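Structural description and commentary
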Amino acid sequence: MIDSPRPPAPDRIPPPPALPPGGRDIGRVSLAFLRHGPAQSPLTRSRLGRSRPRPARRRRRLLAALVTASLAVPVIGAARPEAVPAPVPPPLPPLRAATPTALADRYAATRRAVEAAMRAAAARGHRWRAAMLRAMADPARHFLSFDGRDGGRAAEVFGDLAGADRIAVIVPGSGTGLDTYGLLRGGSMRLQRALGGRGAVIAWLGYRTPSTVSLAAATPGRADEAAPTLRAFVRDLVGLKPAARVSLLCHSYGGVVCGRAAHGLDVADVVLYGSPGAGVDDAASMGTRAAVWAARGTGDWVGHLPHAAVRLPFGTIGLGADPVDPRFGARIFAAGGGGHSDYLKDGSPALADIARIVSGQASAEAGS
């Protein structure tokens, strides 16, 4: 919510087990599965060839990829740093209006929370985190909420939220946290420049993102945890800015979060870019009146992942149908030849089209 974020669940990473013989090879094969899909991995390239898989075979391959990913977790997890301790942020009073005065008070309060987390990180010798937080504490930066615990939560505003008549909320994907925040911030700044003075962008790092290579990134569990918080945040934002045009921009695993949260939200657009799925079978299943858009760059490795969901007694694995498949029902726009992190780069077709969508200037045939 725009109020103080809920305390996150603890995320304790146990010491990694010793690698078994051949463990490094398992890690390389697992990375190939998740980056290129099973048909392109060293383990299956010779067996599966290049023919298009049937649905049943695709589900089997998805299961094989996820089992292999589970073997990769200890290998990848060994390099993951332990969560940096941070103090509990003080509760924030509800934001009653999006006026310049009310927003200035909120930004000052969250800055104090950032500074407290910075001091805690420095005192414990976490220099990289302390440097990142020192930059976040710059008075020129504006946060609606901040929590430095458990990888970090933040909602940063780019542009003049009080005067904006079009607002984009960016929901990032796996691997995003305070230590890797630069990519999210850079894309948000470039989009805000493309929108102009009447546009604002909110970088919403409001959930515990999964590691990029992990079983959590291949299941909708983290998205289901995040969806109520995103839904509450957007509803509060729409209440504060009822005349503004609000769009949800969902990158990578953030598309799954948006797909699970979109039901009933009063937003103009839901934009899925570089998304492996939206946690639903098709756009209609999202239960939203918003226009649903999708794009993927030809250089994005996500296009090689299995696109399916397998429902098992203990839960669901897989992230659902491919958002750029015509059967999904989204409006397709151009993304160019860029890779997974290139959608909001200067000069990219995706940045230009996303800015038009957020501004309400894109037609249903954008990029087609």
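Refer to the structure printed above.
Residues numbered from 1 in each chain as written. Predicted model: local features only at pLDDT ≥ 70, side-chain atom pairs only at ≥ 80, totals over all residues. Heavy atoms only, no water.

**Some points on the packing of aromatic side chains**
Going through the model one piece at a time under the given rule, you end up with four aromatic pairs. Seen in terms of ring centroids, Phe143 and Phe146 are 6.4 Å apart; in terms of plane orientation they differ by 75°. Their pairing is edge-to-face. The pair formed by Phe143 and Phe146 is uniform in burial state, with each residue classed as buried. Aromatic pair Trp204 and Tyr207: ring centres 6.1 Å apart, planes at 15°, arrangement stacked. Of the two residues, Trp204 and Tyr207, both sit in the buried class. One aromatic cluster is present, formed by Trp204, Tyr207 and Phe233 through successive ring pairs. Stacked on the ring of Trp293, the Lys or Arg Arg331 has its end atom at 5.5 Å from the ring centre. (Phe/Tyr/Trp six-rings, centres within 6.5 Å; stacked < 30°, edge-to-face > 60°. Buried < 20%, exposed > 50% of the residue type's maximum accessible area, 1.4 Å probe, protein only. Lys NZ or Arg CZ within 6 Å of the ring centre and 35° of its normal.)

**Quick word on the pattern of salt bridges**
Applying the stated rule across the entire model yields 14 salt bridges. Across the salt bridge formed by Arg198 and Asp165, the nearest N and O atoms sit 3.4 Å from each other. One end of the pair, Arg198, is in the loop between helix H6 (182-195) and strand S4 (199-205); the other, Asp165, is in the loop between strand S2 (153-158) and strand S3 (166-171), with 33 residues separating them in the sequence. Judged by its relative accessible area of 30%, Asp165 is partly exposed. A salt bridge links Arg245 to Asp269; the nearest nitrogen and oxygen atoms lie 2.5 Å apart. Of this pair, Arg245 sits in strand S5 (residues 245-251) while Asp269 sits in strand S6 (residues 269-273), placing them 24 residues apart in sequence. Looking at Arg245, the relative accessible area reads 27%, which means it is partly exposed. (Salt bridge = Lys/Arg side-chain N within 4 Å of Asp/Glu carboxyl O. Helix = DSSP H or I, 4+ residues; strand = E, 2+ residues; numbered from the N terminus.)

**Comments concerning the nonpolar core**
Leu144, Leu161 and Phe233 are the most contacted members of the largest nonpolar core, which totals 50 residues. The residues contacting Leu144, other than those within four sequence positions of it, are Ile2, Leu92, Leu95, Leu103, Arg106, Tyr107, Thr110, Ala155, Val157, Leu161, Ile202 and Phe233. Ranked by size, the runner-up nonpolar core spans 42 residues in total, among them Val114, Ala121, Leu191 and Ala350. (Core = buried A, V, L, I, M, F, W, Y, C linked by side-chain atoms within 4.5 Å. Contact = heavy atoms within 4.5 Å.)

**Some remarks on the state of the cysteines**
Under the counting rule described, the total for this entry stands at one disulfide. Residue pairing for Cys250: its cysteine sulfur links by disulfide to Cys258, the two sulfurs lying 2.1 Å apart. For the disulfide bridge between Cys250 and Cys258, the dihedral angle about the S-S bond is near -95°, and by the sign convention the bridge is left-handed. Exposure class is identical for Cys250 and Cys258. Each is buried. (Disulfide = S-S within 2.5 Å.)

**What to know about the sheet that holds strand S7 (residues 291-295)**
Reading across the sheet, the eight strands line up as S1-S2-S4-S3-S5-S6-S7-S10 and stay open at both edges, with mixed pairing between neighbours. In this open sheet, the two strands that pair with only one neighbour each are strand S1 (142-147) and strand S10 (331-332). Pairing analysis gives five bridges linking S1 to S2, with the strands arranged antiparallel. Each bridged residue has a counterpart across the sheet, and for Asp147 the counterpart in S2 is Arg153. Packed onto the sheet, helix H7 (residues 221-240) meets S1, S2, S3, S4 and S5 and runs at close to 155° relative to S4. (Pairing = 2+ DSSP bridges. Axes fitted to C-alpha atoms, helices over the stretch in contact; angles between N-to-C directions.)

**A few points about the environment of Ala290**
Mapped onto the fold, Ala290 is located in the loop between S6 and S7. The spacing of Ala290 and Val270 is 20 residues in sequence and 6.4 Å in space, taken between C-alpha atoms. Once residues within four sequence positions are removed from consideration, Ala290 is found in contact with Val267, Ala268, Asp269 and Val270.

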